[in-house]
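Listed below are the residues making up each chain.
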Amino acid sequence: MASYSSPIVVLDSGLGGLTVVRELQTALPDEDIAYFGDTARLPYGSKTAATVTRFVDQIITFLLPLQPKHVVIACNTATALALPALRARFPMLPISGVVEPGAKAAIVAAGAKHCPAIGVIATDATVRSKAYDRAIHRRRSLATVWQLPTPILVPLIEDGRTTSDPLVKLALQQYLAPLVKHGIDVLVLGCTHYPVYRELIEQMLGASVPVIDSARQCAQDVGSRLRNAGMLRGTSPASVADGSSAQRGSLRCYVTDDPQRFQRLAPRFLGVEIDAPVWVSPDELYVQRPNGPVPLSVPA
Ligand code: DGL
């Protein structure tokens, strides 16, 4: 059974969800985090809801032996396509995503405007799902939402291309031009990979257009959910009694392909180096192991 000292599971198709881990580590520095990057099967953004739901179901099932106290779907695509199905499949597990926090942050950034124009760049699948459209309109019914699929960005980012790369500049210029023409008031980065290009995007849009990503809001939401459930490490009576509040949380990463590459690129997303990720063959996800992964407290 999960307890306050259980890990938080964070998952994405690849490196992008590490932008959420970074905010979680800042907001909740004592928490142990198990991160799963499904690098063998990315991108998720070009796949169907059935496929993405099956992939994420397999990952959560694989990590269940860690007894996570919370699962963060740190992928807009998987949140948009699979969150209700995953909650139904794992009713005892608190699961949250990134779309609602992103929409919430966008509305805060839009301020008092009754009819703000909100741009959303995201994967094909996220745009097709209209998840942002619904989440924004639920909060501000008169908002105009301009959603734009930007499918080239995830492959560029996973390829390690930086903002000094002419291909990246060209892609962003082409993608952002129609949104600039529409006179958007706010831009939502509707994919957890995109914050690595945030500075250049901000430069291209100018200071008057706030650029939002859901990572910070998502970390705050996870913090308050855990606090309300008495599951926050460092504040529950038991953790205070055993002195564990002084301990910094650990991060263990699991990937389905090329752990070295993931380890090399991770600092761009996280700001710090990571230990070598554990490689999990996708075959293992189809045929689940009875004992699952090694618990976080036991060195690999
Ligand atoms: N980081 C995922 C998202 O937020 C990536 C998408 C992909 O794998 O295409 O949508």
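Structure shown above.
Since the model is a prediction, treat every value here as computed from it, not as a measurement.

> With reference to specific residues and values, describe unusual backbone geometry.
Cis peptide bonds are those with omega within 30 degrees of zero, and the linkage from Leu42 to Pro43 qualifies with 0 degrees. The topology assignment puts Pro43 in the loop between β2 (33-37) and α2 (49-63). Even without glycine at this site, Lys130 takes up a positive phi of about 60 degrees. Note on placement: Lys130 falls in the loop between α5 (124-129) and α6 (131-139). Positive phi, close to 45 degrees, is recorded for Asp258, a residue that is not glycine. Topologically, Asp258 is positioned in the loop between β9 (251-255) and α12 (259-270). For Asp258, a relative accessible area of 32% puts it in the partly exposed group.

> Lay out the site of the ligand with the relevant residues and their values.
As a matter of local geometry, the ligand sits amid Asp12, Ser13, Pro43, Tyr44, Gly45, Cys75, Asn76, Thr77, Thr123, Cys191, Thr192 and His193. One of the side-chain N or O atoms of Ser13 is found 2.6 Å from an oxygen atom in the ligand. Asn76 places a polar main-chain atom, nitrogen or oxygen, 2.8 Å from an oxygen atom of the ligand. Out of a free accessible area of 290 Å², the ligand has 99% covered by protein chains. Its residues assigned to classes, the shell around the ligand shows four nonpolar, seven polar and one charged.

> Explain the sheet that holds strand β5 (residues 117-122) residue by residue, including any values.
Here four strands make up an open sheet; going across it, the order is β6-β5-β7-β8 and the pairing parallel. At either end of the open sheet lies a strand with only one pairing partner, and these are β6 (144-149) and β8 (211-213). The mean inter-strand angle of the sheet, taken between neighbouring strand axes irrespective of direction, is 25 degrees. Where α6 meets the sheet, it contacts β5, β6 and β7 (186-189), and its direction lies at approximately 160 degrees from that of β6. Seen against the sheet, helix α9 (residues 198-205) touches β5, β7 and β8 and runs at an angle of roughly 150 degrees to β8.

About the thresholds
Residues numbered from 1 in each chain as written. Predicted model: local features only at pLDDT ≥ 70, side-chain atom pairs only at ≥ 80, totals over all residues. Heavy atoms only, no water. Helix = DSSP H or I, 4+ residues; strand = E, 2+ residues; numbered from the N terminus. Buried < 20%, exposed > 50% of the residue type's maximum accessible area, 1.4 Å probe, protein only. Near = heavy atom within 4 Å. Polar contact = N/O pair within 3.5 Å; in protein donor to acceptor, adjacent residues only side chain to side chain. Areas by Shrake-Rupley, 256 points an atom, 1.4 Å probe, with all protein chains shown as cover. Nonpolar A, V, L, I, M, F, W, Y, C, P; charged D, E, K, R; others polar. Pairing = 2+ DSSP bridges. Axes fitted to C-alpha atoms, helices over the stretch in contact; angles between N-to-C directions. Contact = heavy atoms within 4.5 Å.

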